[in-house]
Amino acid sequence: MRHLIKIWVMLGLAFLALPLLVIIPLSFTSGQYMVYTPEMVALDPSAYSTKWYLEVIHDRDWILALKNSLFIGVSAALLSTLFGTLAALGLSRAGTPMKGLWTALILMPQIVPIVVTAGGIYAAFSDLKLIGTYTGVIIAHTVLAAPVAVITIRASLERFDWDLVAASSTLGAGPLLTFRKVTLPLIRPAVIAGAIFSFATSLDEVVVIQFIGAYKQKTVPIQMLIGLREHLSPAILAVATMLVFFAVVILILSEVMRRRSDAYAQNTRKA
């Protein structure tokens, strides 16, 4: 029975990975269309090329989209991590009143349909003159990414030993010194993981930015949509492949951070 379950799990994983296995080889086509040619099926070396990756690197529209994604994503990740850390610390303390209500409000952007959130943000930002500005897009992405940081960091705080904070206070350390010397080193891997997932959330966002962004703020997903509407270029598959490898790197980093957090917490308890 156990072997049968493993087989079904492997088949399920293979089914989920099948679209990636189709996209990645096709991104190296030397042709002009997103189709497998007989030469590609026959593994003819002349049927494969990196020209679409080179086109992405040298195309002004893709470069602009990449710069915007990095700038907006990093800015939103920094703000989300800052606010998410503070919120997670507050929600993890035993004496915090109305935890359930605050948790629901913080997680609301992840619960409400994204179109509804986008419409609300558009209505609010219209009066504030933030439509078509980098500031507006960064704030909107921070709102969407902050719950991810809160979830990630709060999960680490579930295993946090608050007696260490009490001991630090007893020894005369103030709140800021205690946070810098005791709390932050223990939760640093979770904070870094929260920042990574926040950046990934901003990078993947495609609905809100269509409501409040302009051409100057277009990101990689928006440029991919434009490419799909105007012409089906294999350059889109090249970008998709890059995003797949970026997602793999994020998963590896998050697992490394989780293991480091667990190891640090165990060493602290032993000490």
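Residues numbered from 1 in each chain as written. Predicted model: local features only at pLDDT ≥ 70, side-chain atom pairs only at ≥ 80, totals over all residues. Heavy atoms only, no water.

Visitor: Break down the overall build of the chain for me, citing the residues and quoting the values.
Guide: Helices and strands together make up the secondary structure of the chain, namely 12 helices and zero strands. In sequence order, the chain lays out its α and β elements as α-α-α-α-α-α-α-α-α-α-α-α. Across its three principal axes, the chain shows a C-alpha extent of roughly 75 × 60 × 35 Å. Of all 271 residues assigned to the chain, the portion counted as buried reaches 36%. Taking contacts inside the chain between residues at least 6 apart in sequence as the whole, the part at least 24 apart equals 71%. Carbon and sulfur atoms provide 72% of the accessible area of the chain, an area that totals close to 16000 Å². Taken together, the 21 basic and 14 acidic charged side chains of the chain have centroids lying 11 Å from each other. (Helix = DSSP H or I, 4+ residues; strand = E, 2+ residues; numbered from the N terminus. Buried < 20%, exposed > 50% of the residue type's maximum accessible area, 1.4 Å probe, protein only. Contact = heavy atoms within 4.5 Å. Areas by Shrake-Rupley, 256 points an atom, 1.4 Å probe, with all protein chains shown as cover. Lys, Arg positive; Asp, Glu negative; His and termini not counted. Charge placed at Lys NZ, Arg CZ, Asp CG, Glu CD.)

Visitor: Describe in detail the packing of aromatic side chains, supporting the description with residues and values.
Guide: The geometry of an aromatic ring pair is captured by two quantities: the separation of the ring centres and the angle between the planes. Going through the model one piece at a time under the given rule, you end up with three aromatic pairs. Both rings, one in phenylalanine 71 and one in tyrosine 134, keep their centres 5.7 Å apart while their planes meet at 80°; by these two values the pair is edge-to-face. Of this pair, phenylalanine 71 sits in helix 4 (residues 60-92) while tyrosine 134 sits in helix 7 (residues 134-157), placing them 63 residues apart in sequence. Note on tyrosine 134: relative accessible area 28%, which makes it partly exposed. Relative to phenylalanine 246, the ring of phenylalanine 199 has its centre 5.6 Å away and its plane inclined at 70°; by these criteria the two rings are edge-to-face. Residue phenylalanine 199 is located in helix 9 (residues 175-204), and its partner phenylalanine 246 is located in helix 12 (residues 235-270); the two are separated by 47 residues in the primary sequence. Residue phenylalanine 199 is classed as buried on the basis of its relative accessible area of 13%. A residue is classified by how much of its surface remains accessible, and phenylalanine 246, at 28% relative accessible area, is partly exposed. (Phe/Tyr/Trp six-rings, centres within 6.5 Å; stacked < 30°, edge-to-face > 60°.)

Visitor: Give me the lowdown on the packing of helix 4 against helix 7, citing residues and values where you can.
Guide: For the pair helix 4 and helix 7, interaxial distance at closest approach is 5 Å and the crossing angle is 45°. One element, helix 4, and the other, helix 7, form an angle in the oblique class. Judged by the sense of rotation from one axis to the other, the crossing of helix 4 with helix 7 is right-handed. Class assignment for the residues of the contact of helix 4 with helix 7 results in 18 nonpolar, nine polar and one charged. (Axes fitted to C-alpha atoms, helices over the stretch in contact; angles between N-to-C directions. Parallel < 35°, antiparallel > 145°, perpendicular 65-115°, else oblique. Left-handed = near helix turned anticlockwise from the far one by under 90°. Nonpolar A, V, L, I, M, F, W, Y, C, P; charged D, E, K, R; others polar.)

Visitor: Any chance you could break down helix 7 for me, citing the residues and the numbers?
Guide: Along an α-helix, a turn takes 3.6 residues, which lines up residues three or four apart on a common side. Across its 24 residues, helix 7 extends 33 Å between first and last C-alpha, which sits within 8% of the 34 Å expected from 1.5 Å per residue. Alanine 145 marks where helix 7 bends most, by close to 35°; the proline proline 147 follows one to four residues later. Counting buried residues along helix 7, 17 of its 24 residues qualify, which places the element largely inside the surrounding structure. (Expected span 1.5 Å × (residues − 1). Bend = angle between axes of the 7 residues up to and from the residue.)

Visitor: Go over the pattern of salt bridges with me, naming the residues and quoting the values.
Guide: Once their charged atoms are close, side chains differing in charge can pair, the charge on each being opposite to the other. Applying the stated criterion across every chain, the model contains one salt bridge. With its nearest N and O atoms 3.5 Å apart, the salt bridge here joins lysine 218 to aspartate 61. Of this pair, lysine 218 sits in the loop between helix 10 (208-212) and helix 11 (220-230) while aspartate 61 sits in helix 4, and the two are 157 residues apart along the sequence. Note on aspartate 61: relative accessible area 30%, which makes it partly exposed. (Salt bridge = Lys/Arg side-chain N within 4 Å of Asp/Glu carboxyl O.)

Visitor: Describe helix 9, naming the residues involved and giving the relevant values.
Guide: If you check helix 9, its first and last C-alpha atoms are just 36 Å apart, much less than what 30 residues at 1.5 Å a residue would give, namely 44 Å. The largest bend in helix 9 amounts to roughly 60° and is located at leucine 184, with the proline proline 185 lying one to four residues further along.

Visitor: Please provide a residue-by-residue account of the environment of isoleucine 187, values included.
Guide: Counting through the fold element by element, isoleucine 187 comes out in helix 9. In this structure, the C-alpha to C-alpha distance between isoleucine 187 and valine 56, residues 131 residues apart in sequence, is 38 Å. Ignoring anything within four residues of it in the chain, the contact list for isoleucine 187 reads Thr85, Ile153, Ser156, Leu157 and Phe160.

Visitor: So what about the packing of helix 4 against helix 9? Which residues, and what values?
Guide: How two helices pack is summed up by the angle between their axes together with the distance between the axes. Contact pair helix 4 / helix 9: the axes reach a minimum separation of 8 Å and the direction vectors enclose 140°. Taken together, the axes of helix 4 and helix 9 lie oblique to each other. Handedness of the crossing formed by helix 4 with helix 9: right-handed. Of helix 9, the residues touching helix 4 (which contributes Ser69, Leu70, Ile72, Gly73, Val74, Ala76, Ala77, Ser80, Thr81, Thr85 and Leu89) are Phe179, Thr183, Ile187, Val191, Gly194, Ala195, Ser198, Phe199, Ser202 and Leu203.

Visitor: Can you break down unusual backbone geometry residue by residue, with the values?
Guide: One non-glycine residue with positive phi stands out, namely lysine 129, at about 60°. Considering the arrangement of structural elements, one finds lysine 129 in the loop between helix 6 (114-127) and helix 7.

Visitor: Hey, could you go over the nonpolar core for me, with residue numbers and the actual values?
Guide: Ranked by size, the top nonpolar core spans 13 residues in total, and within it Ile121, Phe125, Val137, Ala140, Val208 and Ile212 carry the most contacts. Of all the secondary-structure elements, those providing two or more residues to this core are helix 6, helix 7 and helix 10. If you tally residues by element for this core, the top one is helix 7, at four residues. In contact with alanine 140, not counting residues within four places along its chain, are Ile121, Phe125, Val208 and Ile212. Counting residues in hydrophobic clusters, the runner-up holds 12 residues, among them Val220, Ala235, Ala238 and Ala240. (Core = buried A, V, L, I, M, F, W, Y, C linked by side-chain atoms within 4.5 Å.)

These figures come from the coordinates and say nothing about function on their own.
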